[in-house]
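# Examination of the molecular architecture
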Amino acid sequence: MKYKIVIVVFLLALNAAATAASTSVIRYSELILSEKPIAYWQMQANKQGQFPNHPALPQPLTATSTGKTSTANGPTAPIHPGFSTDMNPALGIPNSTGYLVVDDPGDNSPLDFTSGDNITIEAWISPAKLSGFQYIVGKGRTGRSGFPVENHNYAIRLTATGNLTFLFRSRTKTGEEQYHRWTSTESIMSGDGWHHVAVTYTFGKTKNIQGFIDGQRAYGKWDLGGDTGAPPVVDNDQLWIGSALSGNPNSTFQGAIDEVAIYRHRLTADQIATRYSYQEQAPKFNVQQIPKDEVLVQIFEGVNDKSFLSRSPQLTGQYTTAAFAFFQIPNKYNAQGIKIDRSSPFMIRAYGNVVIPTGTHRILVRARNGARLFIDGELKATVPFFNI
């Protein structure tokens, strides 16, 4: 089996480990509730297995699970310092087999948005695998009996390449209907941990949509139906979290979803920026571990193949070698001694003490995929990621 390998080489990396600055943490729920959402699901199931709207909000809007869902580990400190270190349950959809359903209370409900209404939708998501158009939140287009097949009031989704999309169906005064889809240029990688996404929009007006990924503005374009001032389709169909289209696997999220909130006003860019927090967990390394005249190599799995900023790399092995040259990595075995595959990709970090003579030197770094060279903790050379 062929693997993609990411290489990070630490040469004399005596000061490579970073320390996180201490921060004053406001409870994430307090941050959300201060902006007065009409719905906020923290994905904490009650004794009946239901997911109620936050108790501080007036509308029940209880979500019930359909299909196979699970409890996942949501964002927590220290990786996401905006949260506490306490266990944070999230909605797990491991194999695109389940979703949550919220009944619409009726005509003109808080979940119904029409021309002139402002909307903000936000959520934390951790996609495990991307394909089709995976729904995060959507109202309508459920495939339920008694409702039109194409009746989207609104939805946010991820594309197969991790781009954020906003989708709704318009209806003109003459009854003509059309879908309108906005897609971000920026994207999210699967298997890369927790990310925050948000969209703000005013129905019935043009040139006003704003998307956000990880607290930063995500620019994009209307790539289906164009920008429009036509009002959206509105009815009493359900709101679903994690799926649409009768639970079609190609429309169902695969991974985990947490902290879903909907507002009847637009959050500002500054407000959305406060939602996202991330502290890179630099490798903690003691130089005393490096054997004399040898190179220590550590093997990490659970990384991605397009960025060095993997959020949850797992150290799964280490070995020593005589030089900074890696033509073969030791095999991996399970508890029964059977050879098993590593994750694809996986990453190696190599550390060694090298005496460089005084003078000018040229150091050549060759790699089949992304690689970085550090000397005394300072980045000196980078090999880009390749499409292999």
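Report follows, based on the coordinates. (Residues numbered from 1 in each chain as written. Predicted model: local features only at pLDDT ≥ 70, side-chain atom pairs only at ≥ 80, totals over all residues. Heavy atoms only, no water.)

## A few points about the overall build of the protein chain
Along its length, the protein chain carries two helices and 24 strands. Over its C-alpha atoms, taken along the principal directions, the protein chain stretches across nearly 80 × 45 × 45 Å. Taking all 388 residues of the protein chain together, the buried fraction comes to 48%. When contacts within the protein chain are restricted to residue pairs at least 6 apart in sequence, those whose partners lie at least 24 apart make up 69%. Carbon together with sulfur atoms contributes 50% to the accessible area of the protein chain, which is approximately 19200 Å² in total. The distance from the centre of the 35 positive side-chain charges to the centre of the 30 negative ones in the protein chain is 6 Å. (Helix = DSSP H or I, 4+ residues; strand = E, 2+ residues; numbered from the N terminus. Buried < 20%, exposed > 50% of the residue type's maximum accessible area, 1.4 Å probe, protein only. Contact = heavy atoms within 4.5 Å. Areas by Shrake-Rupley, 256 points an atom, 1.4 Å probe, with all protein chains shown as cover. Lys, Arg positive; Asp, Glu negative; His and termini not counted. Charge placed at Lys NZ, Arg CZ, Asp CG, Glu CD.)

## A closer look at the sheet that holds strand β3 (residues 63-67)
The eight strands are arranged β3-β6-β16-β8-β9-β10-β11-β15 in an open sheet whose pairing can be described as antiparallel. Edge positions in the open sheet fall to β3 and β15 (220-224), since each of these has one partner strand only. Taken over all neighbouring pairs, the strand axes of this sheet differ in orientation by 25° on average, direction set aside. Bridge count for strand β10 (residues 163-171) against strand β11 (residues 177-187) is eight bridges, and the pairing is antiparallel. Its bridge partner being in β11, serine 170 is matched across the sheet by glutamine 178. (Pairing = 2+ DSSP bridges. Axes fitted to C-alpha atoms, helices over the stretch in contact; angles between N-to-C directions.)

## Side note on the packing of aromatic side chains
Throughout the structure, instances matching the rule amount to 15 aromatic pairs. Relative to tryptophan 124, the ring of tyrosine 28 lies with its centre 6.3 Å away and its plane at 75°, an arrangement referred to as edge-to-face. With tyrosine 28 in helix α1 (residues 28-33) and tryptophan 124 in strand β7 (residues 118-127), the pair connects residues that are 96 residues apart, well separated along the chain. Given a relative accessible area of 5%, tyrosine 28 falls into the buried group. Classification of tryptophan 124 as buried rests on a relative accessible area of 0%. Taken together, a centroid distance of 5.3 Å and an interplanar angle of 50° make the contact between phenylalanine 166 and tyrosine 201 tilted. (Phe/Tyr/Trp six-rings, centres within 6.5 Å; stacked < 30°, edge-to-face > 60°.)

## Some thoughts on the pattern of salt bridges
Enumeration over the complete set of coordinates arrives at 12 salt bridges. The residue arginine 141 makes a salt bridge to glutamate 150 at a minimum N-O spacing of 3.2 Å. For the salt bridge of aspartate 237 with arginine 144, the shortest nitrogen-to-oxygen distance reads 3.0 Å. In this pair, aspartate 237 sits in the loop between β15 and β16 (239-241) while arginine 144 sits in the loop between β8 (134-139) and β9 (154-158), placing the two residues 93 residues apart along the sequence. Several salt bridges share partner residues, and in doing so they unite Asp104, Asp112 and Lys139 into one network. (Salt bridge = Lys/Arg side-chain N within 4 Å of Asp/Glu carboxyl O.)

## Some points on the nonpolar core
Core analysis: the largest hydrophobic core is formed by 42 residues, its most contacted members being Trp41, Ile136, Tyr154, Phe166 and Ile262. When residues in this core are grouped by element, the largest group, four residues, is from β7. Aside from chain neighbours lying at most four places away, what touches isoleucine 262 is Pro37, Ile38, Ala39, Trp41, Phe113, Ile119, Thr120, Ile121, Val137, Tyr154 and Leu239. By size, the runner-up hydrophobic cluster in this structure holds 18 residues, among which are Ile32, Phe83, Trp124 and Tyr263. (Core = buried A, V, L, I, M, F, W, Y, C linked by side-chain atoms within 4.5 Å.)

## Observations concerning unusual backbone geometry
Residue proline 78 follows alanine 77 across a cis peptide bond; omega there is 10°. Counting through the fold element by element, proline 78 comes out in the loop between β4 (70-73) and β5 (89-93). Phi is positive for methionine 43, which is not a glycine, with a value near 65°. Tracing the chain through its elements places methionine 43 in the loop between β2 (39-41) and β3. For aspartate 293, which is not glycine, the phi torsion reads 60° and is therefore positive. Note on placement: aspartate 293 falls in the loop between α2 (269-273) and β18 (295-301). Since its relative accessible area comes to 69%, aspartate 293 is described here as exposed.

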